[in-house]
Amino acid sequence: MPDRAPDPYELAPEPPKPALPGEVLVRATPDELIDAIAADLLFQARSCVRAFGDFHLALSGGSTPEPLYARLMYDPRLRDFPWKKTHLWQVDERCVPDDDERRNWKMIGDILLDHSDIPRDQAHPMPVLESDGDLRYEGDLRANLEWRERGHDRLDYVLLGMGPDLHTASLFPDSPALAAPAGRLVVFNEGPTVVPPRRMTLTYEMLNAARFVSVMVTGPAKRDALGRLIADPPAPEHAPILGVQPLGGTLRWYLDDDACPTPGPG
Ligand code: 6PG
């Protein structure tokens, strides 16, 4: 049987993607990855504004998402992002004064608030210096979401990062916030495994109620951590990122090749 001429339209088989819970999207570079995240985020925002008239977005701090936030401000393909209809929430925050460089809100505000037309009363920084700040933020979330029909009274989109210790948000391994009481949506967190300073964080209950949860992981510094997750997944109390299991929503990992133990299709 003569060898069959290769089919010029045959798609090259995709190399195996890392075996992580939910969907996994891999791109060769952070820039290409941001293209994909931004396109998905725009789609989610438009869909929610069409369906509900607004879009509730919760963002993480850290260094990984910073170029994504900047891209949202300058990329002409995103110019009609519905910022006027967007509520901007925080995933977590460090309990330090407003002007402290460690504040996630400082980075988020400098990039997004100062360069978009999000109405100021739709920007919700965590009140980390108030003793009952967690309960107040929880009340804010409920007040802004509870008017929606049942099942849609939840965050529409949550962007998470992941630390080398497999924490996410400010849910650190073996830390008190992992066992927040049922019904709590926001708590303070501190303890020997919580990287100082004291933190405020959304709880699993709030994260796992979300419609769409993205986990953005880039760079070689995260490769070992991802490798541990894939090769020998620890129990969620030791790897809080594995506690993120949206109940009725989408979980999508966005990885670049440098972070992948097994480089993706790129
Ligand atoms: C924080 C973040 C945190 C972050 C991870 C990853 O307050 O530090 O919300 O959860 O997402 O620590 O941080 P990098 O993106 O800087 O690696």
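Heads up: the structure comes first, above all this text.
Because the structure is a prediction, the values reported are computed rather than measured.

Visitor: Got a minute to help me understand the nonpolar core in this structure?
Guide: Where a protein is soluble and globular, its nonpolar side chains tend to be buried together. Leu-202, Leu-229 and Trp-253 are the most contacted members of the largest nonpolar core, which totals 46 residues. Once you skip the residues sitting within four places of it in the chain, Leu-202 turns out to touch Ala-58, Gln-90, Val-91, Met-126, Tyr-137, Leu-141, Leu-155, Leu-171, Leu-185, Val-186 and Leu-207. One finds Ala-45, Ile-108, Ala-123 and Phe-212 within the second-largest nonpolar core, a separate group that totals 34 residues.

Visitor: What is the right way to look at helix α1 (residues 30-52) in this model?
Guide: Residues three or four positions apart in an α-helix share a direction because the helix packs 3.6 residues into each turn. The terminal C-alpha atoms of α1 lie 32 Å apart, and with 23 residues this matches the ideal 33 Å at 1.5 Å per residue to within 8%. Contact partners of the buried residues in α1: β1 (23-27), β2 (55-59), α2 (66-74), β5 (157-160), β8 (212-217) and β9 (250-256). Just past α1, the residue Gly-53 takes up positive phi, approximately 90°.

Visitor: I would appreciate a short explanation of the sheet that holds strand β6 (residues 186-189) in the present structure.
Guide: Note: strands within a sheet are paired through backbone hydrogen bonds, in either parallel or antiparallel orientation. Here 3 strands make up an open sheet; going across it, the order is β4-β7-β6 and the pairing antiparallel. Since the sheet does not close on itself, it has two edges, and those belong to β4 (92-94) and β6, each with one partner. Pairwise comparison of adjacent strand axes, ignoring direction, gives a mean angle of 15° for this sheet. Here helix α4 (residues 133-145) sits on the sheet and contacts β6 and β7 (199-202); the angle it forms with β6, its principal contact strand, is near 155°.

Criteria and thresholds
- Residues numbered from 1 in each chain as written.
- Predicted model: local features only at pLDDT ≥ 70, side-chain atom pairs only at ≥ 80, totals over all residues.
- Heavy atoms only, no water.
- Core = buried A, V, L, I, M, F, W, Y, C linked by side-chain atoms within 4.5 Å.
- Buried < 20%, exposed > 50% of the residue type's maximum accessible area, 1.4 Å probe, protein only.
- Contact = heavy atoms within 4.5 Å.
- Helix = DSSP H or I, 4+ residues; strand = E, 2+ residues; numbered from the N terminus.
- Expected span 1.5 Å × (residues − 1).
- Pairing = 2+ DSSP bridges.
- Axes fitted to C-alpha atoms, helices over the stretch in contact; angles between N-to-C directions.

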